[in-house]
Amino acid sequence: MKGQILTGNQVTSDVTLRPDVCIIGSGPGGAMMASRLTKAGASVVILEDGGYHTRDDFHMQEAEAFPMLYQDRGNRATADLSMAVLQGRAVGGGTVVNWTTSFRTPAPVLQHWQEKYGSKMTEAGLAPHFAEVEARLNVTKVGLDDTNPNNRALYDGCKKMGWEVDTTKRNVKGCMRTGYCGLGCPIDAKQSAALTYLPDAVNAGAIIYANTRAERVETRGGRAVAVVGRVHDPVSGQETGRTVRVEPKVVVVSGGALNSPALLLRSEITQGPVGQFTWLHPVVAVAARYAAEIEPFYGAPQSVASHHFAHRPDKPGAAGFFLEAAPGQPMLSALAMPGFGVMMRERMLQLSRYALTLSLCIDGFSEEETGGTVRLRADGGPKLDYPFSPRVQECFRAGMKALVQLHLANGAESVNTLHTDALEFSKSSADLSSIDRAPLGPNQCAVFTAHQMGGCRMGTDPNKSVVSPELRHHAVANLFVADGSVFPTSLGVNPMESIYGVSSFASQHVLAALKA
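All residue numbers refer to position in the chain's written sequence, counted from 1. Reporting of local features is limited, given that this is a predicted model, to residues whose pLDDT is at least 70; pairs of side-chain atoms are given and counted only at 80 or more, and all residues count toward the totals for whole chains, interfaces and linings. Side-chain metrics in this entry use all non-hydrogen atoms of the structure; hydrogen atoms and water are not considered.

A. Seen up close, the packing of helix α1 (residues 28-39) against helix α12 (residues 496-515). All axes here are fitted lines through C-alpha atoms, helices being fitted over the stretch that makes contact, and every angle between N-to-C directions spans 0 to 180 degrees. Think of it this way: any DSSP run of H or I at least four residues long counts as a helix, any run of E at least two long counts as a strand, and we number them from the N terminus. In the contact formed by α1 and α12, the axes pass within 8 Å of each other and the chain directions differ by 40°. The orientation of α1 with respect to α12, classified from their angle, is oblique. α1 and α12 meet at a crossing whose hand is right-handed. Here Pro-28, Gly-29, Met-32, Met-33, Arg-36 and Leu-37 of α1 come into contact with α12, specifically with Met-496, Ile-499, Tyr-500, Ser-503, Ser-504, Ala-506, Ser-507, Val-510 and Leu-511. Residues of the contact of α1 with α12, tallied by class, amount to ten nonpolar, four polar and one charged. Under this scheme an angle from 65 to 115 degrees is roughly perpendicular, one under 35 degrees roughly parallel, and one over 145 degrees roughly antiparallel; angles in between are oblique. Should the near helix be turned anticlockwise from the far one by less than a right angle, the crossing is termed left-handed; should it be turned clockwise, right-handed. Contacts are residue-level and defined by heavy atoms, with any inter-residue pair within 4.5 Å sufficient. Three residue categories are used. Nonpolar comprises Ala, Val, Leu, Ile, Met, Phe, Trp, Tyr, Cys and Pro, charged comprises Asp, Glu, Lys and Arg, and polar comprises the others, including Gly.

Structure below.
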């Protein structure tokens, strides 16, 4: 029996449902879980806070896309406003707006999880899960000739510095390289969850309620007995007064690394370090101006990556980082570029000559690190704190220095940091020590995160983790968490494929719970 996708305006009365499984969130974790469970014969209801959008809604306009497709209308940030948080909100979750970069979980990360947290996920064990994901999403390696000048500047600069660098893999089919992946693909080339695993699940009977925020999970006697969702209008965003109440046998939370902890906190399911140990791959960047046209707003957004500094034997104990390119659409670029008034205007007029490059800090691998913490705002949404520890600040500075060096080696006319009072470097003025003295506090340097992880970390110790190695909640027997929030650390690579793989792994344990 084929399922359906219902939007908020189609829910005209209160609804009570009793499926086998209720999945909260339809990003890579929830979509994968729904596909696996429905194909195994389970009845599934998915509650998704975001709207249901198709390619006809994607007009490559930032002013439309950010309010429509991102959490908090694109304005999500840490509580002190020191870091912008880019996080998807739609049927398909972050897969609708990410930049298509696809990596398997690195083997050393899996090994670390096994040794420190008792994880049962191994490289060999996850390999068939990843292979299936890559086939379903058409994940293929980018040829060097298919890189745009923005990514090619990163590649060539790394080569000139003698650093490891390679092209990436992307989950696309028939890509026209418009460059606007972050605003929703207007030609359905990006193989998002909304085009793959969710249709698989719906065709097998799943029902998706879009525009429906899971308000709380009700528990009784150590079991989840219901999920209560509040419906909102897809246009105004206002609550309609209607509710969707789901009374399943099993609940799977897949709301993402900020929303999943917030849901547990709203539900007063507080066993373990809920909301703690949140990892963000915090990002700093530089803007390198070249004499030739770069046009960073066109072409595959990320087709090159360097993990040369992921491990830093020259500085034991320091956080590693990796380097990628960022697309340069005008609004996103203007948010990042330093300066005001005439200075900002001049930089934006020259945007077509800028290469925009990122350094992503690999957080979570030091005993001293506590990462971020998710608490609740007054409205029940997630409030995120993420202090810039000395280790993170050192990583920021090292990353900026590496980016400046590679662009100057590649012939850039100048390279500026994204401090409020920007530092600018050229071949004739390349003293990088000023980066060590520049401030990194709130609103003193642009910092971003597009990779949210942790907050419901897995582990064997119920006092130090939220879910077991099977991703079952330690205190609520029929509650599972299957998304990036279960990662005990960050990954050192873009997380999408890892979330798909981990959810696929967890689905076998959910099926076992249904049969118990």
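There is more to say, and it comes next.
B. Highlighting the packing of aromatic side chains. The criterion for an aromatic pair is that two Phe, Tyr or Trp rings (for Trp, the six-membered ring) have centres within 6.5 Å, with stacked assigned to planes under 30 degrees apart, edge-to-face to planes over 60 apart and tilted to the rest. Considering all chains together, one arrives at eight aromatic pairs under this definition. Residues Tyr-197 and Tyr-500 carry aromatic rings whose centres are separated by 5.4 Å and whose planes lie at 45° to one another, so their mutual orientation is tilted. Separated by 303 residues along the polypeptide, Tyr-197 in helix α6 (residues 197-203) and Tyr-500 in helix α12 bring together distant segments of the chain. A relative accessible area of 0% places Tyr-197 in the buried class. Relative accessible area decides the class of each residue, using a 1.4 Å probe on protein chains only: under 20% of the type maximum gives buried, over 50% gives exposed, and in between gives partly exposed.

C. Seen up close, the packing of helix α4 (residues 123-136) against α12. Two elements in contact, α4 and α12, have axes whose closest approach is 9 Å; the angle formed by their N-to-C orientations is 120°. If you check the angle between α4 and α12, you find them oblique. Note on packing geometry: the crossing formed by α4 with α12 is right-handed. Counted together, Leu-126, His-129, Phe-130, Val-133 and Glu-134 of α4 and Glu-497, Ser-498, Tyr-500, Gly-501, Ser-504 and Phe-505 of α12 form the full contact between these two elements. Taken together, the residues of the contact of α4 with α12 break down into five nonpolar, four polar and two charged.

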